[in-house]
Amino acid sequence: MRRAGLNRLGQYLIVFVVAVTLNFILPRLMPGNPLALIAGVDVGLLTPDQRAEIIEAAGLNEPLISQYFDYWKSILTGDLGFSYRSGRPISELIAERLPWTLLLAGGALVISAFFGIILGAISAWRRGKKLDLGLLSSMIALESLPSFWLGMLLISLFSVSWGLLPSFGAVTPASDLVGWDHVRDVIEHAILPVATLSVLSIPGVYLTMRYSMLEVLGEDFIRTARAKGASETRVLFGHVARNAMAPVVTFLAIRLAFAFGGAVIIETVFSYPGLGRLVFESVGGRDFPVMQAAFLVFTVAVLLANLAADFLYPLLDPRTRARNE
Amino acid sequence: MMSSKKVLWILTVCLALVLAACGGSDTGDTTTTAGGDEPGTTSGETPDTTEPSDDPVVVRAAINNDEDTINPYTYVTGFPGWNMLMMQYDSLMQFDADGVPQPWLAETVEASEDLATWTVTIVDGVTWHDGEPLTIEDVKFAYDYFLTNAAGRFARDLAGVESVEITGEREVTISLAGPSPAFDQVALGDIPIIPQHIWETIEGPSEATFDIDVNIGSGPFKLVEYVPDQSYRFEANPDYFLGAPAVDELVVVIFADDAGALAAIRSGEVDVIFDRVSPEQIELLDAQDPLDISQGPEFTTQMINYDATKAPFDDIAVRQAIDLAVDRQDIVDTVYLGAATVGSPGWVHPDKPVYNPDVAAVYDVDAANALLDDAGYADTDDDGIREFDGQPMSFEYLTNAEDSLRLRISELVSEMLADIGIEVNVASVESSTWEEAVWPGFDINNGRNYEMAMWGWSAPVQANTIRLGQLVHGDPGKGFLNLTGFDDPDLNALVDQLEVEGDPETAQQLLNDIQAQIAEKLPFVLLAYPDGAYVYNSDVYGDWEFIAGQGIVSKVSLLPAAARP
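Parameters at a glance
Residues numbered from 1 in each chain as written. Chains lettered and ligands numbered in written order. Predicted model: local features only at pLDDT ≥ 70, side-chain atom pairs only at ≥ 80, totals over all residues. Heavy atoms only, no water. Helix = DSSP H or I, 4+ residues; strand = E, 2+ residues; numbered from the N terminus. Buried < 20%, exposed > 50% of the residue type's maximum accessible area, 1.4 Å probe, protein only. Contact = heavy atoms within 4.5 Å. Areas by Shrake-Rupley, 256 points an atom, 1.4 Å probe, with all protein chains shown as cover. Lys, Arg positive; Asp, Glu negative; His and termini not counted. Charge placed at Lys NZ, Arg CZ, Asp CG, Glu CD. Core = buried A, V, L, I, M, F, W, Y, C linked by side-chain atoms within 4.5 Å. Phe/Tyr/Trp six-rings, centres within 6.5 Å; stacked < 30°, edge-to-face > 60°. Lys NZ or Arg CZ within 6 Å of the ring centre and 35° of its normal. Salt bridge = Lys/Arg side-chain N within 4 Å of Asp/Glu carboxyl O. Pairing = 2+ DSSP bridges. Axes fitted to C-alpha atoms, helices over the stretch in contact; angles between N-to-C directions. Domains from an automatic or database assignment. Buried area = accessible area lost by both parts, 1.4 Å probe. Polar contact = N/O pair within 3.5 Å; in protein donor to acceptor, adjacent residues only side chain to side chain. Nonpolar A, V, L, I, M, F, W, Y, C, P; charged D, E, K, R; others polar. Patch = residues over 30% accessible without salt bridge, like charges linked within 9 Å, V, L, I, M, F, W, Y side chains within 5 Å.

Before going further, it helps to examine the overall build of chain A. On a plain count of helices and strands, chain A comes out with 13 helices and zero strands. Beginning at the N terminus, the succession of helices and strands in chain A can be written as α-α-α-α-α-α-α-α-α-α-α-α-α. Classification of the 325 residues of chain A by burial places 53% in the buried group. Counted over contacts in chain A with a minimum sequence separation of 6, partners at least 24 positions apart contribute 73%. Summing over all exposed atoms, chain A offers an accessible surface of approximately 15,200 Å²; the carbon and sulfur share of this is 66%. For chain A, the distance from the average position of its 26 positive side-chain charges to the average position of its 25 negative side-chain charges is 15 Å.

Here you go:
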């Protein structure tokens, strides 16, 4: 068991090194130059000498390989460096934004898990019936909705037409709200982005749950449960749903990690001050150090989620535990 | 029919789910949201708009990019960063509504006859936000500071300055290496005066990190709060030397894109947008009460670039044919719905005093075809596309995907050039990619990686007519904005002459000649100068001043009428 665990960690280490290297290479493969960002938009007004000076100050004239080693050094020392644009420490930029992204991703996860699991269970229970077919086809339709479009639709309905909810940001700017008023303000601002993210995440959870349920429904122990006279509700929740949860939990763990990436579009549409927006801005301006750092956070999130799922799975499903030992 | 019904049904399901999701979020997170779905409690945050008489006037403005701490050393962009910077600081001169610099912190501004020495006397009794007096030492310090710390826009403004000396109790004399006829526009109206007692304590500004405590200026507003990626909050300076501003608080909200800002002004969550709105939005916004539009000509440009170092664009006949074949009026009418000025082939905007009225755009497809026929570009294989050197005249035309107006112009250009047997394939790519192809590394010594491309310059390039050489000179050291690689000895000689010409009349003659030469030899094809149109909520504040190149949200708009230049 211990050796297997070490092996697994070794695999993760390799994946980490490869991912970090890609994080370094990919941004630099994109055509484009961070000079405009460092100097401001009017690159046209710089003299050639001033341009050379800026490039040197930012270390852009150094050979790629030494930039690459600097990058590793910064990862290992935890010093992520400074943004080309704002000159501020990147760790600070990320720390400011990470909680907002966690709020959106976490909120959407809870909501999509709730609806996805319940609807998936119901759908599988009534397999082949009208309800199942209706749910299944509408979930597939939902899944194919573009997220920016759904976000804009919600803004135009709930903010522009009905004036019910704020259309942008995480809090009301310059409002000096404190205590419960502040909490309420934050929630009101989170509703539309969380709703958009949730609506788009529900189908995945639903499909996983439904499929997993159908598998369990065919198992012998369900017939046994029915045979011994357990009520339908008890069979559904006590036997089937419980055993069908393992793949869903794995799916949710990985989904949480990917929600970081999905937040890029949602946070842009809702001008939400999270990590995704930071990525959007840094990619647009080729702010290499910020891109690398943000992608690093994504990489670590995905790896941790996978790791967690790997270790959770045996706890949920004793059959996989046996195989490991 | 079936499909639209289905879509409607899906939407209903979506909405139901969304509503359910909202409830879930509320009850799950807190117990105090009982009234959370009460209509109208969240959108109109400023309850003061109904009775504006006594309550403070708060204006909420939208921008599309975080501008960081907007201090004079690190602020990010010319627009709107500079506008926000200058809320807090003053320059010696201030642009009026016609874009002409007027004395501001300066009481008088005098230029020597050769325009190489500028003498400025400053107003008495101005104080900084912290109560310290603003002195002539601060003025000298500010100019010296930007001369020594070479990063950024203000150092560029001061190219050619040899010394800044205090020559009186309230007087400085600025000496330049040569005549600088536009020094008032380029430098005096642009450079913020910064307090010596704050900035002399900042060592190594290129490494320093700034917080907003540094932002002590003399301007009508003081930055009191900055939340990254969210907002700025400026408070009025009641002791401003020209009188307290007409607006008590300015909140600047940072959006991620312009669609977000547009939704927010329509929902009443912001009151004005810094950036101009696109032509197709103008009517829609104007029709909505209480939104209004302020509109006028501006000096940005839209043009066709081509690689003039390569065949067939190295042939003047081809360039002239393209110029004749584009219907600029059609572009203005179709793409801009009239909200633009037809491009002058000689580069200079017709509203500029130095414009040569003899230079005008001509649209003549027959003449263009005749030019190409005479130059030997025949369509030998009858496919509707002419050939050069045995290849079809078929080119990739790059444009940046983020700008839908440019994309539409590109499509029109493609159709127009098809009329003269040139095939243009529009390729829409992401901004940085497009920039890197047209202007690799922002250094023309790196050459060009495009055949044809949409391009445009910001307003300052158009303002700088005295430095036209940067755009067209064939020597890369001088013509460092010459992205098409165009090189013509006559034009080179003319722009060289212009740069050192001290006599305004001779300079104007040279400018007329240069415009005529550009229009004839066509280093690029200028299509249009888009208008600026800005939207604001007139219920909150309606006294906006349109300043070409600066939009409506600048400090002038927030001052009482009597204090404006």
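Scanning chain B from terminus to terminus reveals 17 helices and 21 strands. By residue count, 56% of the 565 residues in chain B fall in the buried class. Within the structure as shown, chain B displays about 22,000 Å² of accessible surface, and the carbon and sulfur contribution to it stands at 49%.

Membership of the largest hydrophobic core comes to 43 residues, with the highest contact counts inside it found for B:Leu92, B:Tyr143, B:Phe183, B:Leu188 and B:Trp199. Put simply, the parts of the chain that give this core at least two residues each are helix 2 (81-88), strand 5 (117-122), helix 3 (136-148), strand 6 (161-168), strand 7 (171-176), helix 5 (183-188) and helix 6 (196-199) of chain B. The dominant element in this core, judged by the number of residues it contributes, is helix 3 of chain B, at seven residues. The residues contacting B:Leu92, other than those within four sequence positions of it, are B:Gln102, B:Pro103, B:Trp104, B:Leu105, B:Ala106, B:Val120, B:Ile122, B:Val139, B:Tyr143, B:Leu188, B:Ile191 and B:Ile193. Formed by 40 residues, the second largest nonpolar core is a distinct cluster that contains A:Ile54, B:Val438, B:Ile444 and B:Tyr529.

This brings us to the packing of aromatic side chains. Within the structure shown, the criterion is met by 30 aromatic pairs over all chains. Judged by centre distance (5.8 Å) and plane angle (55 degrees), the rings of A:Tyr68 and A:Phe69 are tilted. Looking at A:Tyr68, the relative accessible area reads 15%, which means it is buried. Within the aromatic cluster, the residues linked to one another by ring pairs are B:Phe141, B:Tyr145, B:Phe146, B:Phe154 and B:Trp199. Here the guanidinium or amino end of A:Arg28 rests over the ring plane of A:Phe288, the centre of that ring lying 4.6 Å away. In this structure, B:Lys352 is placed above the aromatic ring of B:Phe299, and the distance from its NZ or CZ to the ring centre is 4.1 Å.

Let's shift gears to the pattern of salt bridges. Following the criterion strictly, the structure yields 27 salt bridges over all chains and no others. Taking the shortest distance from any N to any O, the salt bridge between B:Asp229 and A:Arg97 comes out at 2.9 Å. Pair noted here: B:Asp229 is in the loop between strand 8 (221-227) and strand 9 (231-236) and A:Arg97 is in helix 5 (residues 90-125), and the two residues belong to different chains. Each of the two residues, B:Asp229 as well as A:Arg97, counts as buried. A network of salt bridges, in which partner residues are shared, links A:Arg88, A:Glu92, A:Glu96, A:Arg97 and B:Asp229.

Take the sheet that holds strand 5 of chain B next. Sheets are built from strands that pair by backbone hydrogen bonding, the pairs being arranged parallel or antiparallel. Residue and element names in this part refer to chain B. If you walk across this open sheet you meet the four strands as 4-5-7-6, and the pairing is antiparallel. Two strands in the sheet have a free side with no partner beyond their single neighbour: strand 4 (106-111) and strand 6. Ignoring which end each strand starts from, the neighbouring axes of this sheet average 20 degrees apart. Judged from the six bridges that link them, strand 6 and strand 7 form a sheet pairing that is antiparallel. Residue Ile166 lies in a different strand from strand 7, and its bridge partner there is Val172. Seen against the sheet, helix 3 touches strand 5, strand 6 and strand 7 and runs at an angle of roughly 170 degrees to strand 6.

Residues and elements named next belong to chain A. Split into domains, chain A comes out as domain 1 (2-76) and domain 2 (90-324). The C-alpha centroid of domain 2 is placed 31 Å from the C-alpha centroid of domain 1. Of the residues lining the interface, 20 residues belong to domain 1; the matching set on domain 2 comes to 15 residues. Between domain 1 and domain 2, a total of about 1,700 Å² is buried, with carbon and sulfur atoms accounting for 69% of that surface. Our count for the domain 1 to domain 2 interface comes out at zero salt bridges. Our enumeration of links across domain 1 and domain 2 arrives at four residue pairs in polar contact (both at pLDDT 80 or more). Among the elements of the structure, helix 1 (2-29) and helix 4 (64-77) are those that each provide at least two residues to the side of domain 1 that touches domain 2. If you tally residues by element for the side of domain 1 that touches domain 2, the top one is helix 1, at eleven residues. Taken together, the residues that form the side of domain 1 that touches domain 2 break down as 15 nonpolar, three polar and two charged.

Residue and element names in this part refer to chain B. In terms of burial, strand 17 (residues 394-400) is a largely internal element, five of the seven residues being buried. Across seven bridges, strand 17 lies against strand 18 (residues 423-429) in parallel orientation. When the bridges of strand 18 are listed, Asn400 appears paired with Val429. Taken together, the two bridges between strand 17 and strand 19 (residues 452-455) define a ladder with parallel strand orientation. Across the sheet, Leu398 pairs through a bridge with Ala453, a residue of strand 19.

This brings us to a negative patch on the surface. On the surface, a cluster of negative charge is contributed by B:Asp381, B:Asp382, B:Asp383 and B:Glu423. Mapped onto the elements of the fold, B:Asp382 is located in the loop between helix 11 (365-374) and strand 15 (387-388).

Before going further, it helps to examine the side chain of A:His239. Inspection of the secondary structure assignment puts A:His239 in helix 10 (residues 232-269). For A:His239, the residues in contact, after removing those within four places along its chain, are A:Val216, A:Phe221, A:Ile222, A:Ala225, A:Lys228 and A:Arg234.

Our focus in this paragraph is unusual backbone geometry. Here the amide bond leading from B:Asp289 into B:Pro290 is cis, since omega sits at 0 degrees, within 30 degrees of zero. Examined against the element boundaries, B:Pro290 turns out to sit in the loop between helix 8 (279-287) and strand 12 (291-296). Residues B:Ala311 and B:Pro312 are joined by a peptide bond in cis, for which omega reads 0 degrees. Looking at the secondary structure, you find B:Pro312 in the loop between strand 13 (302-306) and helix 9 (316-325). Of note in the backbone geometry, A:Ser271 takes a positive phi value of approximately 45 degrees without being a glycine. Mapped onto the elements of the fold, A:Ser271 is located in the loop between helix 10 and helix 11 (275-285).

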